[in-house]
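# Structural overview
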Amino acid sequence: MNEIQTILFVDVLVVFNCCIFLLLFGRIAHSHPAVIYIFFHLYMVTTRLLGLSFDAQTLFTDGVLSGLFQPVTNSEIVRAVILADVALVVMTICWIKAAADASRHRSVSDRTAFRVLSIRYIKSVAMVAFPLGILGIALFASIPGLTEGGLANTRVALGSWETSSWLFILVTWSGLVILALIYWYGFRWWLSIAISIYLLLMMYQGFHRFRVIIPIILMSQIYLDRRRIRWPPVQLAILVAVAALLFFPLKGLGRAAQLMFSEDETKQPSISEILSKSTDDVKAALSGQAGDQQFLDEFAMALTLVDDNGKYYYGSIYLPLFTLPIPRQFWLEKPGLADYLKDISKPWRPMDQLGMIITILGESYLNFGYVGIIIIPGLLAYGLGRVYFYAYRSHYYTVVRFAYLVLACNLIQVYRDGLLSIVVFTLVNMMPLMLIIILHYVVPFLFGSDTPREIVDATGRPKQMRARRASTPG
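Please read all numbers here as calculations on a predicted model, not as lab measurements. (Residues numbered from 1 in each chain as written. Predicted model: local features only at pLDDT ≥ 70, side-chain atom pairs only at ≥ 80, totals over all residues. Heavy atoms only, no water.)

### Quick notes on the overall build of the protein chain
- The secondary structure content of the protein chain amounts to 20 helices and 3 strands.
- Excluding contacts between residues fewer than 6 apart, the proportion of contacts in the protein chain whose partners are at least 24 apart in sequence is 75%. (Helix = DSSP H or I, 4+ residues; strand = E, 2+ residues; numbered from the N terminus. Contact = heavy atoms within 4.5 Å.)

Right, dumping it as structure tokens:
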């Protein structure tokens, strides 16, 4: 048994025991942050180790890249896995602690008021965001049979603004409005058709797969919460598993679909070619050899580069969040959210140039070293755990439950890209949904709007604070 197989055995043992303890003492369910993190750990660490224990090679080892870049070594992989397992144990303890504290707090408090979700705010945002979303799709998205790369390349000259993220996020707004309506009305046939068309269109783009995956996660959570189901039934679990496997060939499928609509018939791939390529991508993913499964290698490489750089950042990497709202067209030298990659990258390991990520664990080490591996994941786990239990003390049609699910569906990106993604993926990429949440608090504060609230007593049963209810969900 080599060192990779040994650390794989240790990792499986750690994951198994953490899952048992969470099931016994963590009071977890489908949308609990621990469930999402366990999935992320299995994806990043366990399946990658499984592939490496057979015939997969570490990053930069295979092909011509080995002559240009320094391959990731097995010892670096082992170190990264040990730190990942330590973080998982710490987070498990913190999630169990959060569950215990939430139970204790609930037993001593008599009642807590929660603001009821109002359809009028959803409709107000929808009337503005939906047409802007359709405009964004028309200008910046590829549309089958109509555009190649968006109308902006052929009909609209926007200059430097053509690359602005403030304009490109408009592409998702119509889909986010549909998700908000699904949250309120459920999976009505007209909403189901609309969201299916939107997801197919996002798949067709051939990039930014989170625009497909995150809505699917949110819809799964909505489906289960509306039916008060803790864990997905077999049919939904199979559907989610298929969606997870489709993640790997998704970019290729989108690009192949675009070629099929190309006017150049020589570029049009056959159906058999598309299926063959997609099958190969799925097989590589199942064996832990897909390119998207090299997050462990990137994390391991980042640990070494941080050590070589000789300094920690002590949270300073979060300062660019203050300048995030300023368009780069107004400030060309605006600090980037991942400028630290420029500092630690080397010519033989160009993480910045290749657009690599260091994960939440790498970010923790970048800030505080080994202490960060314990402190940041632990605090994040405890904080998310308390937020989860607070949200689930309320009724489904409350703002806090809606807000939590908006956060929860993005946690996979937070674990992948770091704490900065809490802002980027919730406040920015899901802006229409966040506006709905904000309006529920800002409008009553500014104008004294009569927005009802529900009171949840110690048993968790919702009671209406006023006789007059909010708009009744359909």
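On we go.
### Section: the nonpolar core
- Core analysis: the biggest nonpolar cluster contains 132 residues, and Tyr-37, Leu-49, Ile-77, Leu-296, Leu-361, Tyr-415 and Leu-433 have the highest contact counts within it.
- In terms of residues, this core owes the most to one element, helix H4 (residues 74–108), which gives 14 residues.
- Sequence-distant contacts of Tyr-37, that is, excluding residues within four places in its chain, are made with Leu-88, Met-91, Trp-95, Ile-360, Leu-361 and Tyr-415. (Core = buried A, V, L, I, M, F, W, Y, C linked by side-chain atoms within 4.5 Å. Buried < 20%, exposed > 50% of the residue type's maximum accessible area, 1.4 Å probe, protein only.)

### A short note on the environment of Ile-374
- Within the secondary structure layout, Ile-374 lies in helix H16 (residues 370–391).
- Accessibility expressed as a relative area gives 41% for Ile-374, which makes it partly exposed.
- Here the alpha-carbon distance between Ile-374 and Leu-361, two residues 13 residues apart in the chain, equals 9.3 Å.

### Remarks on the confidence of the model for the protein chain
- Looking at the protein chain as a whole, its pLDDT mean stands at 84, while 85% of the residues score no less than 70.
- Every residue in residues 149–155 scores below 50 in pLDDT, and together they form 16 contacts with partners more than four places removed in sequence or on other chains.
- Per-residue pLDDT stays below 50 along residues 457–474; that stretch engages in 43 contacts with residues further than four places along the chain or on separate chains. (pLDDT = per-residue confidence, 0-100.)

### Remarks on the packing of helix H2 (residues 33–52) against helix H13 (residues 295–309)
- Direction vectors running N to C along H2 and H13 enclose 100°, while the axes themselves pass 8 Å from each other. The angle between H2 and H13 falls in the class roughly perpendicular. In this structure, H2 contributes Tyr-43, Met-44, Val-45, Arg-48 and Leu-49 to the contact, and H13 contributes Phe-295, Leu-296, Asp-297 and Phe-299.
- Here the residues of the contact of H2 with H13 are counted per class, giving 7 nonpolar, no polar and 2 charged. (Axes fitted to C-alpha atoms, helices over the stretch in contact; angles between N-to-C directions. Parallel < 35°, antiparallel > 145°, perpendicular 65-115°, else oblique. Nonpolar A, V, L, I, M, F, W, Y, C, P; charged D, E, K, R; others polar.)

### Let's talk about the packing of H16 against helix H17 (residues 399–408)
- Running from amino to carboxyl end, H16 crosses H17 at an angle of 140°, the nearest separation of the two axes being 9 Å. With respect to their mutual orientation, H16 and H17 come out oblique. Crossing handedness for the pair H16 and H17: left-handed. Residue-level contacts link Leu-384, Val-387, Tyr-388, Tyr-390 and Ala-391 of H16 to Val-400, Arg-401, Tyr-404 and Leu-407 of H17.
- By residue class, the composition of the contact of H16 with H17 is 8 nonpolar, no polar and 1 charged. (Left-handed = near helix turned anticlockwise from the far one by under 90°.)

### Structural notes on unusual backbone geometry
- Within the chain, Arg-27 stands out as a residue other than glycine whose phi angle is a positive 50°.
- Residue Thr-359 is not a glycine yet carries a positive backbone phi of 70°.
- With respect to the secondary-structure elements, Thr-359 resides in helix H15 (residues 359–368).

### Here's the deal with a nonpolar patch on the surface
- Side chains of Ile-82, Val-86, Tyr-312, Tyr-314, Phe-368, Val-371, Ile-374, Ile-375 and Leu-379 sit close together on the surface and give an oily, nonpolar patch of about 830 Å² of accessible area.
- Mapped onto the nonpolar patch, the elements with two or more residues apiece are H4 and H16. (Patch = residues over 30% accessible without salt bridge, like charges linked within 9 Å, V, L, I, M, F, W, Y side chains within 5 Å. Areas by Shrake-Rupley, 256 points an atom, 1.4 Å probe, with all protein chains shown as cover. Salt bridge = Lys/Arg side-chain N within 4 Å of Asp/Glu carboxyl O.)

### Quick word on the pattern of salt bridges
- Counted by the stated rule, this structure contains 8 salt bridges.
- We note a salt bridge from Glu-76 to Arg-349, for which the minimum N-O separation is 2.9 Å. Highlighted residues: Glu-76 in helix H4 and Arg-349 in the loop between helix H14 (340–344) and H15, separated in sequence by 273 residues.
- A salt bridge links Arg-104 to Asp-101; its shortest N-O distance comes to 2.3 Å. With Arg-104 and Asp-101 both in helix H4 and 3 residues apart, the pair spans about one turn of that helix.
- Its relative accessible area of 46% is what places Arg-104 among the partly exposed residues.
- Residues joined in a network through salt bridges with shared partners are Lys-97, Asp-101 and Arg-104.

### Quick notes on helix H7 (residues 173–185)
- Over its 13 residues, H7 extends 18 Å from the first C-alpha to the last, a length consistent with the 18 Å expected when each residue adds 1.5 Å.
- Where burial is concerned, most of H7 is hidden: 13 out of the 13 residues are buried.
- Trailing H7 by a residue or two, Gly-186 shows a phi angle of about 90°, which is positive. (Expected span 1.5 Å × (residues − 1).)

### Some remarks on the packing of aromatic side chains
- This structure, assessed with the given rule, holds 23 aromatic pairs.
- Taking the centre distance of 5.4 Å and the plane angle of 75° together, the rings of Trp-184 and Tyr-397 count as edge-to-face. Taken together, the residues span a long stretch of sequence, with Trp-184 in helix H7 and Tyr-397 in the loop between H16 and H17 at a distance of 213 residues. The residues Trp-184 and Tyr-397 share a single accessibility class, namely buried.
- Centre to centre, the rings of Tyr-312 and Tyr-365 are 6.0 Å apart; their planes meet at 85°, and the pair counts as edge-to-face. Taken together, the residues Tyr-312 in the loop between H13 and H14 and Tyr-365 in helix H15 connect sequence positions 53 residues apart. (Phe/Tyr/Trp six-rings, centres within 6.5 Å; stacked < 30°, edge-to-face > 60°.)

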